[in-house]
Amino acid sequence: MSGFVKALSQEPEARVLFVDCDRQITAGDIRAAARRAAEWIGEGRDLVFLHTESAALLSAGLLAGAMTGRTIAVLPHAQPAYLTEVGATAKSLLTDDGADALLRIAPGDVSP
């Protein structure tokens, strides 16, 4: 995992890592999404649950975990009964689902 995180952190900003339909997603996009997620999850010892439909945003969520030192549990799905069973709450779930999704590639995302 450390090699994966290192690669995401060091790739040139404009390097295309994923393609979503007709949009190219760059290393800069991934890092910008990870920074936003890292601000939300903050530092701490509690487990953070992660579920995405997108490989790009899964990468951003994992990078956010590495940035904050948080342990990330990747979930196979996010059905309400399952989230309750594993103890995931709105305060511990990082997802790309819904209008208020914390994980997203925003228009104009660029990593400094």
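For the structure, see preceding data.
Residues numbered from 1 in each chain as written. Predicted model: local features only at pLDDT ≥ 70, side-chain atom pairs only at ≥ 80, totals over all residues. Heavy atoms only, no water.

### A look at the overall build of the protein chain
Argument step 1. Check the secondary structure of the protein chain and you find four helices and five strands.
Argument step 2. At 14 Å, the protein chain has a C-alpha radius of gyration in line with the 13 Å of a compact globule built from 112 residues.
Argument step 3. For the protein chain, the C-alpha atoms occupy an extent of roughly 40 × 30 × 20 Å along the three principal directions.
Argument step 4. Evaluated residue by residue, the protein chain yields a buried proportion of 42% over its 112 residues.
Argument step 5. Partitioning the contacts of the protein chain with sequence separation of at least 6, the portion at a separation of at least 24 is 66%.
Argument step 6. Total accessible area computed for the protein chain in this model is approximately 6,500 Å², and 53% of it derives from carbon and sulfur atoms. (Helix = DSSP H or I, 4+ residues; strand = E, 2+ residues; numbered from the N terminus. Rg over C-alpha atoms; globule rule 2.2 N^0.38 Å. Buried < 20%, exposed > 50% of the residue type's maximum accessible area, 1.4 Å probe, protein only. Contact = heavy atoms within 4.5 Å. Areas by Shrake-Rupley, 256 points an atom, 1.4 Å probe, with all protein chains shown as cover.)

### Quick notes on the packing of helix α2 (residues 27-41) against helix α3 (residues 55-68)
Argument step 1. Following both chains from N to C, one finds α2 and α3 inclined at 50°, their axes separated by 8 Å at the closest point. One way to sum up the angle between α2 and α3 is to call them oblique. Along this stretch, α2 crosses α3, giving a crossing that reads as right-handed. Where α2 abuts α3, its residues I30, R31, A33, A34, R35, A37, A38 and I41 lie against A56, L57, S59, A60, L63, A64, G65, M67 and T68.
Argument step 2. For the contact of α2 with α3, a count of residues per class yields 12 nonpolar, three polar and two charged. (Axes fitted to C-alpha atoms, helices over the stretch in contact; angles between N-to-C directions. Parallel < 35°, antiparallel > 145°, perpendicular 65-115°, else oblique. Left-handed = near helix turned anticlockwise from the far one by under 90°. Nonpolar A, V, L, I, M, F, W, Y, C, P; charged D, E, K, R; others polar.)

### Comments concerning the sheet that holds strand β5 (residues 93-95)
Argument step 1. Reading across from one edge, β4-β3-β5 is the order of the three strands in this open sheet, with parallel pairing throughout. Looking at the sheet topology across the chains shown, the edges are occupied by β4 (72-74) and β5. Pairwise comparison of adjacent strand axes, ignoring direction, gives a mean angle of 30° for this sheet.
Argument step 2. Docked against the sheet, α3 engages β3 (48-51), β4 and β5, running at close to 155° with respect to β4. (Pairing = 2+ DSSP bridges.)

### Re the side chain of T68
Argument step 1. Relative to the elements of secondary structure, T68 occurs in helix α3.
Argument step 2. Side-chain polar atoms of T68 contact the backbone oxygen of G65, separated by 3.3 Å.
Argument step 3. In this structure, T68 is in contact with A38, I41, G42 and E43, ignoring residues within four places of it in sequence. (Polar contact = N/O pair within 3.5 Å; in protein donor to acceptor, adjacent residues only side chain to side chain.)

Read these as spatial facts, not as claims about activity.
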